[in-house]
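Reading the structure
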Amino acid sequence: MPMKLFKCDETIPEREKHIYIKEKGEDTTQFLPSAHVETIPGSLSERGCSYCGAKLVIGGVLKDTIQLIHGPVGCAYDTWHTKRYPSDNGNFQLKYVWSSDMKEQHVVFGGEKLLKKAMLEAFAEFPDIKRMMVYTTCSTALIGDDIKPVVKEVEKELGDVDIFTVECPGFAGVSQSKGHHVFNMGWMTDKVGTYEPEITSPYTINVIGDYNIQGDTFVLEKYMEKMGVQIIAHFTGNGTYDSLRGMHRAQLNVTNCARSAGYIANELKKKYGIPRIDVDTWGFDYAKEGLRKIGAFFGIEDRAEAVIAEEVAKYESKLAWYKERLTGKKVCIWTGGPRLWHWTKALEDDLGMKVVAMSSKFGHQEDFEKVIARGEEGTIYIDDGNELEFFEVLEMVKPDLVLTGPRVGALVKKLHLPYVNGHGYHNMGFEGAVNMARDMYNAIYSPLMKLAKDDIRGGQMKTIIAEEKRKLKESKVQQSKSVDITSTEAMPTAVNYAAVESSDLDTQPLLIPDNQALFLMRMKYNNQNLLILHLPKRCLQR
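Procedures and definitions
Residues numbered from 1 in each chain as written. Predicted model: local features only at pLDDT ≥ 70, side-chain atom pairs only at ≥ 80, totals over all residues. Heavy atoms only, no water. Helix = DSSP H or I, 4+ residues; strand = E, 2+ residues; numbered from the N terminus. Buried < 20%, exposed > 50% of the residue type's maximum accessible area, 1.4 Å probe, protein only. Areas by Shrake-Rupley, 256 points an atom, 1.4 Å probe, with all protein chains shown as cover. Pairing = 2+ DSSP bridges. Axes fitted to C-alpha atoms, helices over the stretch in contact; angles between N-to-C directions. Salt bridge = Lys/Arg side-chain N within 4 Å of Asp/Glu carboxyl O. Contact = heavy atoms within 4.5 Å. Right-handed = clockwise from strand over helix to strand, strands pointing away. 1 Å grid on protein atoms, 1.4 Å probe; cavity = no way out; pocket = protein on both sides within 12 Å on 5 of 7 lines; lining within 4 Å. Points joined across faces, edges and corners; volume = space filled by probe spheres on them. Nonpolar A, V, L, I, M, F, W, Y, C, P; charged D, E, K, R; others polar.

**Considerations on the overall build of the protein chain**
Across its full length, the protein chain carries 21 helices and 17 strands. For the protein chain, with 542 residues in total, the buried portion stands at 51%. For the protein chain, the exposed area adds up to about 25,900 Å²; of that, 52% sits on carbon and sulfur atoms.

**Concerning the sheet that holds strand S11 (residues 354–360)**
Pairing is mixed across the open sheet formed by six strands, whose spatial order is S1-S12-S11-S10-S13-S14. The open sheet has two edge strands with one neighbour each: strand S1 (19–21) and strand S14 (419–421). For this sheet the average axis-to-axis angle between neighbouring strands, irrespective of direction, equals 15°. In this structure, strand S13 (residues 401–404) lies alongside S14, joined through three bridges in parallel fashion.

**Things to note about the pattern of salt bridges**
In this structure the tally under the stated criterion is 32 salt bridges. Between Arg374 and Asp280 there is a salt bridge whose closest N-O contact spans 3.4 Å. Residue Arg374 is located in helix H15 (residues 365–374), and its partner Asp280 is located in the loop between strand S9 (276–278) and helix H12 (284–298); the two are separated by 94 residues in the primary sequence. Classification of Arg374 by relative accessible area gives partly exposed; the value is 23%. Given a relative accessible area of 11%, Asp280 falls into the buried group.

**Examining the side chain of Thr79**
Topologically, Thr79 is positioned in the loop between helix H2 (73–78) and helix H3 (92–95). Residue Thr79 is classed as buried on the basis of its relative accessible area of 3%. The residues touching Thr79, leaving out its near neighbours within four places in the chain, are Tyr51, Cys52, Lys55 and Leu56.

**Things to note about the side chain of His70**
Note that His70 resides in strand S2 (residues 66–70). Its relative accessible area of 0% is what places His70 among the buried residues.

**Some words on the sheet that holds strand S7 (residues 230–236)**
Ordered in space as S7-S6-S8-S9, the four strands form an open sheet in which the pairing is parallel. The sheet is open, and its two edges are formed by S7 and S9, each paired on a single side. Ignoring strand direction, the axes of neighbouring strands in this sheet form an average angle of 20°. Across three bridges, strand S8 (residues 252–255) lies against S9 in parallel orientation. Its bridge partner lying in S9, Thr255 is registered against Asp278. Its contacts with the sheet put helix H11 (residues 258–272) on strand S6 (204–210), S7, S8 and S9, and the angle it makes with S6 is roughly 145°.

**Considering unusual backbone geometry**
The residue after Phe235, namely Thr236, is reached through a cis peptide bond having omega 5°. Take Thr236: it is sitting in strand S7. Positive phi, normally seen in glycine, also occurs at Gln214, with a value near 60°. The residue Gln214 is located in the loop between S6 and helix H9 (216–227) in this model. On the basis of relative accessible area, Gln214 is assigned to the partly exposed category, the value being 37%. You will see that Asp384, though not glycine, has its phi angle at about 55°, which is positive. Tracing the backbone through its elements, the reader meets Asp384 in the loop between strand S12 (380–383) and helix H16 (387–397). Of the residues examined, Asp384 reaches a relative accessible area of 3% and is grouped as buried.

**Structural notes on the pairing of strand S10 (residues 330–335)**
With five of its six residues buried, S10 lies for the most part within the structure. As defined by bridge partners, S10 adjoins S11 across six bridges and the pair is classed as parallel. Across the sheet, residue Cys332 finds its bridge partner in S11, namely Ala357. Taken together, S10, helix H14 (residues 339–351) and S11 form a β-α-β motif whose crossover is right-handed.

**Quick word on empty space enclosed by the protein**
In total, this model carries four cavities of 30 Å³ or more according to the counting rule given. Around the largest cavity sit 15 residues that line it, and Lys55, Gly60, Thr79, Trp80 and Gln93 are the ones nearest its centre. Elements represented by at least two residues in the lining of the largest cavity include exactly helix H1 (50–58) and H3. For the lining of the largest cavity, the residue count by class is seven nonpolar, six polar and two charged.

Below, the structure written as C-alpha cells:
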C-alpha cells in the first residue's frame, strides 16, 4: 500500500490519507493524497488562513490601492511585509499597512462606525489614492459587521473613490485557497467591465497569477514588449486597481498560477469569451514553451523565437555552469500549491537535480495529480505537512537543499541544512532560472553550513584555549609599549576613541589561570603603540 503513515503520526492515523510515496507501475490517480480538506485536529498545520489568501496573496500586491483590514491590528500586521512584491511607483504597497484596529469594546458593541472612521482617515492621509479594498476578518465576521453599506456611505460622501469589499474571514475555508477563490469571483462580479483601458497593440493579453515576487512581472513585460504584445492587466503583480477593472478587453488570458487565479480566467472565458492558455514560466525550457504558446496564438511565432534566441544566448552558458555543479543534488519542495509541479521538471530537466519530497500547504487534488505525474519513483508527497513529519522526511531522504518558507526554513536551519525561501521566490524566465540556480548553488556550497556543524564545546574548547594561550605568549603584542592600569603614571585622558580608525584597533581575548576573561586593546595614539588591559567589572570589584 503506497499511502504512508509516518511514525510521528501513530496517534493521528488519519494522516495516512495525506501522504503518498510513488511506486513503480501504479495508477497514481488511485493514490492521490487527500487535499483541500480540513486540517486534522492534533496536527500542527503550516497553512495560512482564508483572509490571508485574499489579502496577502492577491489584493495586497496592487500598487495604487489602500488595503484596509477591518479587524484587530494583528491581522493587518501578519499580512504586511512578509513577501517581496516590488512595484515601479516606489513600492507604495510595501510601505504602509492600514487597520481599523478593533478592540474588545468594538467586538461587544459593533465596529461599523469604527470602520467608517478608519476609511475616511485613510483617504484623508493619502489624498492622491482614490482606490481601496476593505477586508473582513474573523472578529468582524463573527459579530456580523455589515461592511458593504459602510462602503457605500463612504463612496457617496467622498464622490471620487472606488472601493472593493472582500468578505472572506480567516475561518471561511480550510486554507488560504478559499481566499483566492472569493477574491477572484468577487472581483469578476463587481469590478471587471467597469473601466475601459487604452489599447495600444493589436495583440492584447491579461497575465493572471503573477504577483511580481522579486520582479517577475518586469521580466515578462520585457519579453512581451519585444514581441509587441500589450499587457492589459497583471493579476496582480505591479498591477493597478483600474487595470484589473479593464480585464474584459484582452484577447487572451495567460495563466501562470492556476491555483490562485485560475478562477477568474475561467469566468472571463464564460462571460467574455476570452480564451485561456496555461504557461509555466518557472524554468528555462518552460519559458521557451510559454513564449511559443503566446506567439502561436497571435501568429507571431517569429517574434517569439527571436526573443528566445536572444535570451538563450545570454543565459544558457551560465545555466550550464550551475547544472554541472547541481546535478544529482537532492531537493525537497515544501511550498504552497502549484510551484510543486512548476518546479519539479524544471529542477530535474534544467539542472539535473533530484526532487525527493514535496509538501503542499493549500494545493488541491488536481495539483497533486500533476506533480505526481511529473515526479520520479520513490518521491514522497505530503498534503498539509506538519513539523514532526518534516523531521521524519529529512531523516529518510537526507536532502542537500530544501525549498520552503521562512517558518519551516527556521526549523531546517537548526538542522544545519541549506534552504531557499520558496514562498517569497519565483524564478520567472531565463534569467530567473539562472538566478534560482545561483541561489541554490550558494546555499548548498556555503562554507557556513559546514562550520555550523562543528561543536567547539567540551574537550575541544580546552585544546583551543591552550593553543590560544601559547600563541598569545609568543605574540609581539607583549613586546609593545604597555600601560599598567595599577600605576600612577599619567595616561592620556583625551583620547577620542570614536576617531580611531578601525584598522588601528584590535581586540583579542586573554585567558588568565582562573579562566577569567580579560581583553587587550592595542591602539595607536600620537604614533605610539598603547596596550590597554580591560578588566570585567566583577574583577575590579574583587
